[in-house]
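Next come the chains, spelled out residue by residue.
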Amino acid sequence: MRVLGIETSCDETAAAVYDSERGLLAHRLYSQVELHAEYGGVVPELASRDHIRKLLPIVDEVLSESNSGPDDIDGIAYTAGPGLIGALMVGTSFGRSLAWSWGKPAVAVHHMEGHLLAPMLEDNPPPFPFVALLVSGGHSQLVDVRGVGDYRLMGESVDDAAGEAFDKTAKLLDLPYPGGPALSSLAESGRPDRYRFPRPMTDRPGLDMSFSGLKTFALNTLKDAIAQHGDPLPEQIRADIALAFEQALVETLAIKCRRAIRESGHQRLILAGGVSANTRLRSHMREIMEKEQIEVRYPRLEFCTDNGAMIAYAGWQRLRKGAHENLSFRPKPRWPLNE
Amino acid sequence: MTTQANYHLPNLEAQMTFGALLGRTAPPSALVRLEGDLGAGKTTLARGLLRGLGYEGTVRSPTYTLMEPYEAAGRHCVHFDLYRLADAEELEFLGIRDLLAGDTLILVEWPERGEGVLPTGDLRIDLNYQRQGREITLIPQSEIGEGWLARVTSEASGFF
């Protein structure tokens, strides 16, 4: 079975073709596409989230790269939510209409289910069950994944996402936005224990997270440091603060993951989302989980961030079980994972 | 006519309480511009305001999602953060026109990123970081804003 997947839930316009026999045949984000002369030669700079003008060229691109015509595609999957209503509307109406005109089944996919199943796109997919930590600019969630379609949200951020806390603290440190990775490289020259940040929501039970307070703590720390050392702050002090922040965030995530693993009884932890690329997070998590004898896996980064491949894959999982939509389509900006 | 009002909010609790007061006194439809630097407490104030409207669920930062819709006691509220907009034109893709035409309380963080598309609105709220707490300034931009401010000042007297 060959499935075309379409993702337009937020910033990225993405499409992919997944084949159940041959695996992933093509996948593209609009931002990566080298537009050819057939699109007019001169390509205008399109606004972010202008999915309408971006979607057709990249669907064409993945179809031609995978040598797929309408007859080769067995179903069309599109992200129906959660996300921005205007953005979701483009992908759902396009996906549903194309499936109708080609006479193929269409299936609505939950964006987070796509993320949870993304590790399955790897050559050596992790067996179920596992705990997944999704940490990115937009998400901080711990999910108990027992199988396809069997998910339980264990905990999530009640305010800022982990990646957002990185980006905003980076901005406070005068690094360009979004500056999560720049903050991490600044932290490399930081001296440990010069500053001490709190580990939010770790002193009480539960798997919910909160990272907004770390940003405010960073702001207060910076103001105090400027009063003491002068403005602009010496590079070493900025690095010390960056390190203290990063350590607090990483340790908080590790504490929550250990709790989630113990609560679930699973033997495997999947780290996904842009923040999972953070080297300090990876090494600290490995250290903590080795003690628990837990295997830690990371999907490759291009499957961690928003992409069409995960939607095509999740769509295939639904289509093979006979799921398909009727002729109507309904984007769901708010869509709980277990519905 | 009240031109503007100024309050000192000494801690997080006061920020939330003042936000709730804004929510309780809010008109059914208005555009609120929330201005202030990173960490000034814009999202905290919005969270308090939504509590005042009667919304009890989680109020997440809208920085990544750009907008978060809420419904409480039959009222609609949308919380925007335009920080990640590269161009005000992108507001069109977020459906801003429909929202402005409907009965919705619209809260906008980083409204300057929507300049040219986003209207002046009804109430401007400036938040400023202080060593202890935050300073909040309410500046009405319309008759709706003036009426709202009058309700706020009468309820706030004695508490803030």
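Reading the values: rules and limits
Residues numbered from 1 in each chain as written. Chains lettered and ligands numbered in written order. Predicted model: local features only at pLDDT ≥ 70, side-chain atom pairs only at ≥ 80, totals over all residues. Heavy atoms only, no water. Helix = DSSP H or I, 4+ residues; strand = E, 2+ residues; numbered from the N terminus. Rg over C-alpha atoms; globule rule 2.2 N^0.38 Å. Buried < 20%, exposed > 50% of the residue type's maximum accessible area, 1.4 Å probe, protein only. Areas by Shrake-Rupley, 256 points an atom, 1.4 Å probe, with all protein chains shown as cover. Lys, Arg positive; Asp, Glu negative; His and termini not counted. Charge placed at Lys NZ, Arg CZ, Asp CG, Glu CD. Phe/Tyr/Trp six-rings, centres within 6.5 Å; stacked < 30°, edge-to-face > 60°. Lys NZ or Arg CZ within 6 Å of the ring centre and 35° of its normal. Patch = residues over 30% accessible without salt bridge, like charges linked within 9 Å, V, L, I, M, F, W, Y side chains within 5 Å. Salt bridge = Lys/Arg side-chain N within 4 Å of Asp/Glu carboxyl O. Domains from an automatic or database assignment. Contact = heavy atoms within 4.5 Å. Buried area = accessible area lost by both parts, 1.4 Å probe. Pairing = 2+ DSSP bridges. Axes fitted to C-alpha atoms, helices over the stretch in contact; angles between N-to-C directions. Disulfide = S-S within 2.5 Å. Core = buried A, V, L, I, M, F, W, Y, C linked by side-chain atoms within 4.5 Å. Polar contact = N/O pair within 3.5 Å; in protein donor to acceptor, adjacent residues only side chain to side chain. Nonpolar A, V, L, I, M, F, W, Y, C, P; charged D, E, K, R; others polar.

### As for the overall build of chain B
Next up, step 1: For chain B, the count of helices and strands is 4 helices and 7 strands.
Next up, step 2: Listed N to C, the secondary structure of chain B is β-α-β-α-β-β-α-β-β-β-α in terms of helices and strands.
Next up, step 3: Against the 2.2 N^0.38 benchmark of 15 Å for 160 residues, chain B shows a C-alpha radius of gyration of 15 Å, consistent with a compact globule.
Next up, step 4: In terms of overall dimensions, chain B has a C-alpha envelope of 45 × 30 × 30 Å along the principal axes.
Next up, step 5: Buried residues in chain B amount to 56% of all 160 residues.
Next up, step 6: Accessible surface, chain B as shown: approximately 6700 Å² in total, 48% of it carbon and sulfur.
Next up, step 7: Here chain B carries 14 positive and 22 negative side-chain charges, and the mean point of each set is 6 Å from the other.

### Observations regarding the packing of aromatic side chains
Next up, step 1: Inspection of every chain in the model, using the stated rule, returns 10 aromatic pairs over all chains.
Next up, step 2: Three or more aromatic residues link up through ring pairs in this structure, and these residues are Phe166, Phe197, Phe217 and Phe245 of chain A.
Next up, step 3: One Lys or Arg, Lys332 of chain A, reaches over the ring of Trp335 of chain A and ends 4.1 Å from the middle of that ring.
Next up, step 4: The lysine or arginine in question, Arg334 of chain A, covers the ring of Tyr70 of chain B, its NZ or CZ lying 5.3 Å from the ring centre.

### Comments concerning a nonpolar patch on the surface
Residues and elements named next belong to chain A.
Next up, step 1: There is a patch of nonpolar side chains on the surface, built from Ile85, Met89 and Phe329 and spanning about 230 Å² of accessible area.
Next up, step 2: Position of Phe329 relative to the elements: it lies in the segment after α10 (309-319).
Next up, step 3: Its relative accessible area of 34% is what places Phe329 among the partly exposed residues.

### Here's the deal with the domain arrangement of chain A
Residue and element names in this part refer to chain A.
Next up, step 1: Looking at the assigned domains, one finds that chain A contains domain 1 (2-117 + 303-319) and domain 2 (127-298).
Next up, step 2: Inter-centroid distance (C-alpha atoms) of domain 1 to domain 2 is 31 Å.
Next up, step 3: At the junction of the two partners, domain 1 supplies 10 residues and domain 2 supplies 16 residues.
Next up, step 4: When domain 1 packs against domain 2, the two sides together hide about 920 Å² of surface, and 76% of this comes from carbon and sulfur.
Next up, step 5: Considering only the side of domain 1, the residues that lose the most area to domain 2 are Met112, Leu116 and Cys304, jointly responsible for 59% of the buried surface there.
Next up, step 6: Put simply, domain 1 and domain 2 have 0 salt bridges between them.

### Some thoughts on the sheet that holds strand β2 (residues 14-19) of chain A
Residue and element names in this part refer to chain A.
Next up, step 1: Read from one edge to the other, the open sheet built from 5 strands follows the order β3-β2-β1-β4-β5, with strand pairing classed as mixed. Looking along the sheet, the strands with just one partner apiece sit at the ends: β3 (23-29) and β5 (106-110). Between one strand axis and the next, the sheet turns through 20° on average, direction left out of account.
Next up, step 2: Sheet topology places strand β1 (residues 2-7) next to β2; 6 bridges connect them, and they run antiparallel.

### A closer look at the state of the cysteines
What we call a disulfide is simply a covalent bond connecting the sulfur atoms of a pair of cysteines.
Residue and element names in this part refer to chain A.
Next up, step 1: Counted by the stated rule, this structure contains 0 disulfides over all chains.
Next up, step 2: The closest cysteine sulfur to the non-disulfide-bonded Cys10 is located on Cys304, 17 Å from its own sulfur.
Next up, step 3: Take Cys257: it sits in no disulfide, and the sulfur closest to it among the cysteines is that of Cys304, at 13 Å.

### Observations regarding the sheet that holds strand β7 (residues 134-140) of chain B
Residue and element names in this part refer to chain B.
Next up, step 1: Taken in spatial order, the 7 strands of this open sheet run β1-β7-β6-β2-β5-β4-β3, and their pairing is mixed. Unpaired on one side and paired on the other, β1 (5-9) and β3 (67-72) mark the two borders of the sheet. Adjacent strand axes in the sheet meet at a mean angle of 20° when their direction is disregarded.
Next up, step 2: Pairing between strand β4 (residues 75-81) and strand β5 (residues 104-109): 6 bridges, direction parallel. The residue bridging Phe80 from the neighbouring strand is Val108, located in β5.
Next up, step 3: Across the sheet, helix α2 (residues 42-53) lies against β2 (30-35), β3, β4, β5, β6 (123-129) and β7, angled at about 165° from β5, the strand it touches most.

### Overview of the nonpolar core
Next up, step 1: Core analysis: the largest hydrophobic core is formed by 51 residues, its most contacted members being Leu142, Leu249, Leu269, Met285 and Met289 of chain A.
Next up, step 2: Where this core is concerned, the elements lending two or more residues are β6 (130-135), α4 (162-172), α5 (180-187), α6 (212-229), α7 (235-264), β9 (268-272) and α8 (279-291) of chain A.
Next up, step 3: Top element by residues in this core is α7 of chain A. It accounts for 15 residues.
Next up, step 4: Once residues lying within four places of it in the same chain are set aside, the contact partners of Met285 of chain A are Leu133, Leu253, Ala254, Cys257, Leu269, Leu271 and Val296 of chain A.
Next up, step 5: Ala40, Leu50, Ile125 and Ile136 of chain B belong to the second largest nonpolar core, which has 33 residues in total.

### A few points about the interface of chain A and chain B
Next up, step 1: Taken together, the contacts link 30 residues of chain A with 27 residues of chain B.
Next up, step 2: For the pair chain A and chain B, the two sides together bury roughly 2500 Å², of which 53% comes from carbon and sulfur.
Next up, step 3: Three residues, Arg49, Leu84 and Arg334 of chain A, lead the burial of chain A against chain B; their summed loss comes to 22% of the area buried on that side.
Next up, step 4: The closest approach of N and O atoms between Asp11 of chain A and Arg84 of chain B, which form a salt bridge, is 2.5 Å.
Next up, step 5: Seen at the junction of chain A and chain B, the total is 12 residue pairs in polar contact (both at pLDDT 80 or more).
Next up, step 6: Breaking the side of chain A that touches chain B down by element, the ones donating at least two residues are α2 (85-102), α4 and α6 of chain A.
Next up, step 7: In terms of residue count, the dominant contributor to the side of chain A that touches chain B is α6 of chain A (6 residues).
Next up, step 8: Taken together, the residues of the side of chain A that touches chain B break down into 8 nonpolar, 7 polar and 15 charged.

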